[in-house]
Amino acid sequence: MTEHTQPARRVRNTIARVAALAGVAVAAVALATPSAMAGTSAKLNGCYSTWGSTGSVGHCARVTTTGNFKNRGVCTFGNEDSLWEFFGAGESHPKWGGVECTFDIEKSFIMFSN
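Reading the values: the criteria
- Residues numbered from 1 in each chain as written.
- Predicted model: local features only at pLDDT ≥ 70, side-chain atom pairs only at ≥ 80, totals over all residues.
- Heavy atoms only, no water.
- Helix = DSSP H or I, 4+ residues; strand = E, 2+ residues; numbered from the N terminus.
- Buried < 20%, exposed > 50% of the residue type's maximum accessible area, 1.4 Å probe, protein only.
- Contact = heavy atoms within 4.5 Å.
- Pairing = 2+ DSSP bridges.
- Core = buried A, V, L, I, M, F, W, Y, C linked by side-chain atoms within 4.5 Å.
- Disulfide = S-S within 2.5 Å.

So, on to the environment of Gly52. Structurally, Gly52 can be placed in strand β2 (residues 47-52). Take Gly52: its relative accessible area is 27%, and that puts it in the partly exposed class. Taking the C-alpha atoms as reference points, Gly52 and Met37, 15 residues apart in sequence, are found 5.8 Å from one another. When sequence neighbours within four positions are dropped, the list of residues in contact with Gly52 reads Met37, Ala38 and Ile105.

Moving on to the sheet that holds strand β1 (residues 39-40). Pairing is antiparallel in the open sheet, where four strands are placed in the order β1-β2-β3-β7. Each edge of the open sheet is held by one strand with a lone partner, namely β1 and β7 (93-100).

The subject of this paragraph is unusual backbone geometry. Within the chain, Asn45 stands out as a residue other than glycine whose phi angle is a positive 55°. The backbone phi angle of Arg62 is positive, close to 55°, even though this residue is not glycine. Tracing the backbone through its elements, the reader meets Arg62 in the loop between β3 (55-60) and β4 (67-75). On the basis of relative accessibility, which here comes to 63%, the residue Arg62 falls in the exposed class.

The next subject is the nonpolar core. Listed in full, the seven residues of the largest apolar core are Cys47, Cys60, Val63, Phe69, Phe87, Trp96 and Ile110. Those residues in contact with Phe87 that lie beyond four places of it in its chain are Cys60, Val63, Thr65, Thr66, Gly67, Phe69, His93 and Trp96.

Bringing the pairing of β2 into the picture now. With burial as the criterion, only one face of β2 is covered, namely that bearing Cys47, Ser49 and Trp51; the residues Tyr48, Thr50 and Gly52 on the opposite face remain uncovered. Hairpin remark: β1 followed by β2, antiparallel, with six residues in the connecting loop; positive phi at Asn45, about 55°. Examined bridge by bridge, β2 and β3 share six bridges and lie antiparallel to one another. When the sheet's bridge partners are listed, Cys47 is paired in β3 with Cys60. A loop of two residues connects β2 with β3, the two strands running antiparallel in sequence, and Ser53 in this loop sits at a positive phi of about 55°.

This brings us to the state of the cysteines. Between two cysteines, a covalent bond joining their sulfur atoms is known as a disulfide. Tallied over the entire structure, the rule returns two disulfides. Note on cysteine connectivity: Cys47 is disulfide-linked to Cys60, with sulfurs 1.9 Å apart. Taking the sign of the torsion about the S-S bond as the criterion, the disulfide between Cys47 and Cys60, at about 105°, is right-handed. Taken together, the positions of Cys47 in strand β2 and Cys60 in strand β3 put the pair 13 residues apart, joining distant regions of the chain. The two residues Cys47 and Cys60 agree in class, both being buried. Here the bonded cysteines of the protein chain are numbered in sequence order, and their pairing is 1-2, 3-4.

Here it is in structure tokens:
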């Protein structure tokens, strides 16, 4: 009976090692994969952009300079832009210029033209 016990023990130990290494590999991949994080851009003439998961929206609180504003989302595969919006000085626009990425969004920011 001793002859059969040793190979069985080796097989169990090998299976346990392989399972442990597979678990470590899966954890390493999970930690290395970037996840979409929410954020807020810097302000530009009273406007800023927020993003999370796959989308972004622009916000303005008392625009400081009259002109055209656009929200740009930096997506995993390219950029998504809102249409240009004209805002006058002193105006506020709580939510405007929404953009949606097909996959993840990395960040977003406001563009300005006068």
